[in-house]
Amino acid sequence: MCGIVGAIRANHNVVDFLTDGLKRLEYRGYDSSGIAVFNGEKIKRVRRVGRVQLMEDAAKEKGLFGHIGIGHTRWATHGGVTEPNAHPHISGGLIAVVHNGIIENFEEERTRLQGLGYEFESQTDTEVIAHSVKHEYSLNGGNLFEAVKSATQNFHGAYAIAVIAQDNPEEMVVARMGCPLLIALGDQETFIASDVSAVIAFTRNIAYLEDGDIAVLRASGIEKLIDKTGNPAQRKVKVSELSLASLELGPYSHFMQKEIHEQPRAIADTAEVFLDGGFEPENFGENAREVFNDIDSIKILACGTSYYSALTSKYWLESIAKVPTDVEIASEYRYRDVIANPKQLIITISQSGETLDTMEALKYAQSLGHKHSLSICNVMESALPRESELVLYTRAGAEIGVASTKAFTTQLVVLFGLAVTLGKMRGHISEEQSHAYTEELRQLPGSIQHVLNLEPQIAAWAQKFAKKDSALFLGRGIHYPIALEGALKLKEITYIHAEAYPAGELKHGPLALVDENMPVVVIAPNDNLLDKVKANMQEVGARGGELFVFTDLDSNFNEGEGVHVIRTPRHVGILSPIVHTIPVQLLSYHAALARGTDVDKPRNLAKSEIGRASCRERV
Ligand code: GLU
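1. Overview of the overall build of the protein chain
- Broken down by element type, the protein chain carries 19 helices and 25 strands.
- Against the compact-globule benchmark of 25 Å for 619 residues, the protein chain has a radius of gyration of 26 Å, which places it among compact chains.
- Along the first, second and third principal axes, the C-alpha atoms of the protein chain reach 80 × 55 × 45 Å.
- Counting the 619 residues in the protein chain, one finds 60% classified as buried.
- Sequence separation of 24 or more characterises 72% of the internal contacts of the protein chain that already satisfy a separation of 6 or more.
- Of the roughly 22900 Å² of accessible surface on the protein chain, 47% is carried by carbon and sulfur atoms.

2. Points about the packing of aromatic side chains
- Going through the model one piece at a time under the given rule, you end up with 14 aromatic pairs.
- Consider the rings of tyrosine 333 and tyrosine 364, whose centres lie 5.6 Å apart with planes at 70 degrees: the pair is edge-to-face. Remark: tyrosine 364 occurs in helix 11 (residues 356–367) and tyrosine 333 occurs in helix 10 (residues 330–333); sequence separation between them is 31 residues.
- Taken together, the ring pairs in this structure connect Phe274, Phe279, Phe284 and Phe292 into an aromatic cluster.

3. Notes on the pairing of strand 2 (residues 32–38)
- Counting buried positions along strand 2 gives seven out of seven residues, so the element sits mostly inside the fold.
- On strand 2, burial covers both faces: Ser32, Gly34, Ala36 and Phe38 on one face and Ser33, Ile35 and Val37 on the other are all buried.
- Two strands pair when backbone bridges link them, and strand 2 and strand 3 (residues 43–49) are joined in this way by seven bridges, in the antiparallel orientation. Looking across to strand 3, one finds that alanine 36 is bridged to arginine 45.
- Hairpin connection from strand 2 to strand 3: four residues lie between these consecutive antiparallel strands, with glycine 40 at a positive phi of about 105 degrees.
- Here strand 2 pairs with strand 4 (residues 68–74) via seven bridges, running antiparallel.

Rules behind the numbers
- Sequence order as written defines residue numbering, which begins from 1 separately in each chain.
- Per-residue local features are limited, in this predicted model, to residues with pLDDT of at least 70; the limit for side-chain atom pairs, both in listing and counting, is 80 or more; totals at the level of whole chains, interfaces and linings are taken over all residues.
- Only hydrogens and water are removed before side-chain values are computed, so all heavy atoms of the structure are retained for them.
- Runs of H or I in DSSP of at least four residues are treated as helices and runs of E of at least two as strands, each being numbered from the N terminus.
- In this setup the radius of gyration rests on C-alpha atoms only. A globule is expected at 2.2 Å times the number of residues raised to 0.38.
- Type-normalised accessible area, obtained with a 1.4 Å probe on protein chains alone, sets the label of each residue: buried when under 20%, exposed when over 50%, and partly exposed for intermediate values.
- By definition in these notes, contact holds between two residues if any of their heavy atoms fall within 4.5 Å.
- The Shrake-Rupley method, run with a 1.4 Å probe sphere, supplies the accessible areas, and residue values consider only the shown protein chains as cover.
- Ring pairs are drawn from Phe, Tyr and Trp, using the six-membered ring of Trp, whenever the two centres fall within 6.5 Å, and their geometry is named by plane angle: stacked under 30 degrees, edge-to-face over 60, tilted for the rest.
- A pair of strands is considered paired only if DSSP assigns at least 2 bridges between the two.

So this is what it looks like as structure tokens:
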């Protein structure tokens, strides 16, 4: 996912905003960037492959200035990473466009536009937007809004776009379909961005666009806005409470490190709803009691790290709440024949709330007759909660590192709260047990802080990992998904090949990989499966594998030849998977440091939105 920004400022140059905003969107992943501004005479453009800083330096050198402009960080989907493919794209020297997303029918559109005499300078899908808008603009005698409206009717796919015209330098037209876009309103200045981090240094008054919206903007604000039906609409202006400090590194070296260390706070904030309000269905929405009484099973749809939080929660939902739970990767579900069950609650999990596959999977489930849905997201009012019947937000705050950390552990808190809530409603949990769970939740941030204090020991292990090409992660039961998450973190940010297995599966295949070059991480808390895990470790030891064991203080493990042990300070029962996530996050982080990779922006990966944190109504 790339980022787009734009600005119309009556009394200021827009270039500083555009470059600053793009830098703040860098976490989304990008390979090139560019801006286009109208300098009073012409639209001037600067584009560069590589870091935004290079583009900014070039813009300064060229002395770019203007009161209206657009900018883009590209994450190439169509056409290589080259300067001609970088945005903005310009048609006929007149219309400049930035685009986030994919125009699926770009080939037909390109053929159509070539037939009309348009020449293409790039291999991108985006260039069809520029020519198509230009074509409509010329036909309708210079109405940019109508031109964008007609052009977008021809596009299939996902987009957030911003368009300016050289002969109409007071206006910008924006449109959104499937990709996030917001408008930020200042005093005689109006901004647009893919997310709030790009604008809050300038203004906190934010209106979020919805799918199908098209808007005309001027320095004075939103001139006109229509929704997907083509009718005039209004979008509420909210005041973002995201703090600028949350977007800065502070004393940390990387956002990932900062976010790992923020987990005690993020978890305490997320747990507050259950600690203050009890395990009550109303935490999930006004009619949640009714919905939860109507369901007979759960299906969770998610991608990546969120999928692993879903897998973990299956253990809680089936053991605590006794609700049959099925977990599926959203991008698989959305394309297969499914047997729908209107009594099944569909849960979607996504940090951003905008994950496209998860969103499409939810829509698919709804189209098949699933009527009950709950979303668990970190970004207020994002697409998934808007489409869902119920929602409970994690309160992780902005997560800027591409590799998810605090979003994962806070999702687990919400899912645990859901399991206890359903367990209580269904009479599987006594008041006393519910108090015990509350107490465990209350103590969780403290337990996590203790694990964070083990960072130096884990960093020392990481030095060894950094020299390896592969690693194996083992866990059993509810800790198996944590092994999966550990392997994912390691491959995402260190590029070391890593796989996770339920420890009992070793002898059915992966044991063949084990030798002295294959470090094996074992998540071995002191639970009812500990003896089984120990037996699996013997199998590894006997093949010369080096074991790195994360266990609890009260389990008796001995260090020895080829066996390294780190003890988390105390056994934390049912919430143990959350506590045992922290060591694998730290291990990956320090291994990445040792290998010198770009921790916060791993190659080829990106993130859709960092967190809209809290917004309040504007009075
Ligand atoms: N599909 C467009 C391209 O490849 C936009 C990609 C993006 O969202 O950065 O240029």
